[in-house]
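# Observations on chain architecture
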Amino acid sequence: MKKLLTLFTLLFTFTVVLTACGTNNSNSNESTTGEDTPSQETDNLLSKVEEEGTLLVGTEGTYPPFTFHNDSGKLTGFDVEIAEAIAERLGVEVEFKETQWDAMFAGLDSERFDMIANQVGIREDRLEKYDFSDHYITSTAVVVAHEENDDVNGFEDIQDKESAQSLTSNYADLAREYNAEIVGVDGFNQAIELLSSKRVDVTINDKLSVLDFQKNRPNAPVKVVAEHEDAAQSGFMFRKGNEELVDAVNEALAEIIEDGTYEEISEKWFGENVLN
């Protein structure tokens, strides 16, 4: 009798253990499924932006007239206002994260911001790693020299000359193509400062930026000596894998172009439409 009771007890215990194990596995699977769902949702950057109500935008803040601080200290500029108009169409606020140009792409990679608005040139090498919106600026590169410099009259003349450039910019690459000696700077303002004080020979930069600078600083001792024949297009830049956000931004950009908002902002900053 004792043996039967012992056997019955063992069988009962074994059944309870099996039932408990089955319950634990079921809970574990449900828990895993529950964890996966939110993760998949946050993988969609557009959904995250809409849920949080904020579009994080990387920009320099030292590159007039595209992104800079006015006399009151407020961040403003063409790219700033276009990004704000885009965010408004998306139904979210825009929060700018100011970063030096040479750290801009690393900031995007590390998810400090959702996109870059800083007149980023659309180039094949960048398209291999990043996605771009449709273009919203078309401009050309110019060579700027000190007003007393008569040795530089074209791009071919900058060979072996010191050229002040942001190291990872389109314009630095262009200066290298013409065998200039690159002097690294943090941005446009520092390049012009070095040029004005004759500490470099030239800088290659965006025509629109230079014209804006000359308009506001007509007595600055610099001059445009050459304009590149090829126009370049710029767009908003994104990490790859965020097609939904790119599409939404493109749709918003098309809307502000169609309703005249883009042209109004462009006329304000440049006196003309700089889309094409």
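Residues numbered from 1 in each chain as written. Predicted model: local features only at pLDDT ≥ 70, side-chain atom pairs only at ≥ 80, totals over all residues. Heavy atoms only, no water.

### Some remarks on the packing of helix α3 (residues 78–90) against helix α10 (residues 261–270)
Packing of α3 against α10 brings their axes to within 10 Å, and their N-to-C directions diverge by 165°. Taken together, α3 and α10 sit at an angle that is classed as roughly antiparallel. In the crossing of α3 with α10, the sense of the turn from one axis to the other is right-handed. Contacts from F78, E81, I82, A85 and R89 of α3 reach α10 at T261, Y262, I265, S266, K268, W269 and F270. Residue classes in the contact of α3 with α10 are distributed as seven nonpolar, two polar and three charged. (Axes fitted to C-alpha atoms, helices over the stretch in contact; angles between N-to-C directions. Helix = DSSP H or I, 4+ residues; strand = E, 2+ residues; numbered from the N terminus. Parallel < 35°, antiparallel > 145°, perpendicular 65-115°, else oblique. Left-handed = near helix turned anticlockwise from the far one by under 90°. Contact = heavy atoms within 4.5 Å. Nonpolar A, V, L, I, M, F, W, Y, C, P; charged D, E, K, R; others polar.)

### Re the packing of aromatic side chains
The way to describe two aromatic rings as a pair is by their centre distance and the angle between their planes. In the structure shown here, the tally under the stated rule is twelve aromatic pairs. Residues F155 and Y178 carry aromatic rings whose centres are separated by 5.3 Å and whose planes lie at 40° to one another, so their mutual orientation is tilted. In this pair, F155 is assigned in the loop between β8 (137–146) and β9 (162–165) and Y178 in the loop between α6 (170–177) and β10 (181–184), connecting sequence segments 23 residues apart. The buried category is assigned to F155, whose relative accessible area is 6%. Pairing F188 with F213 gives two aromatic rings, centres 6.0 Å apart and planes at 75°, and the pair type is edge-to-face. (Phe/Tyr/Trp six-rings, centres within 6.5 Å; stacked < 30°, edge-to-face > 60°. Buried < 20%, exposed > 50% of the residue type's maximum accessible area, 1.4 Å probe, protein only.)

### A word on the nonpolar core
Ranked by internal contacts, the top residues of the largest apolar core, which has 68 residues, are L55, F78, I82, I86, V143, I204 and F236. Take this core: its biggest share by element is eight residues, from α3. Once residues within four sequence positions are removed from consideration, L55 is found in contact with V49, A87, L90, V92, E93, V94, E95, D114, M115 and L245. (Core = buried A, V, L, I, M, F, W, Y, C linked by side-chain atoms within 4.5 Å.)

### Describing the sheet that holds strand β4 (residues 75–76)
Spatial ordering of the open sheet is given by β2-β3-β4, a layout of three strands whose pairing is antiparallel. Bordering the open sheet on either side are β2 (62–63) and β4, each of which pairs with just one other strand. In this sheet, β4 lies alongside strand β3 (residues 67–69) in antiparallel orientation, the contact comprising two bridges. Each residue of the ladder has a partner; that of F68, found in β4, is T76. (Pairing = 2+ DSSP bridges.)

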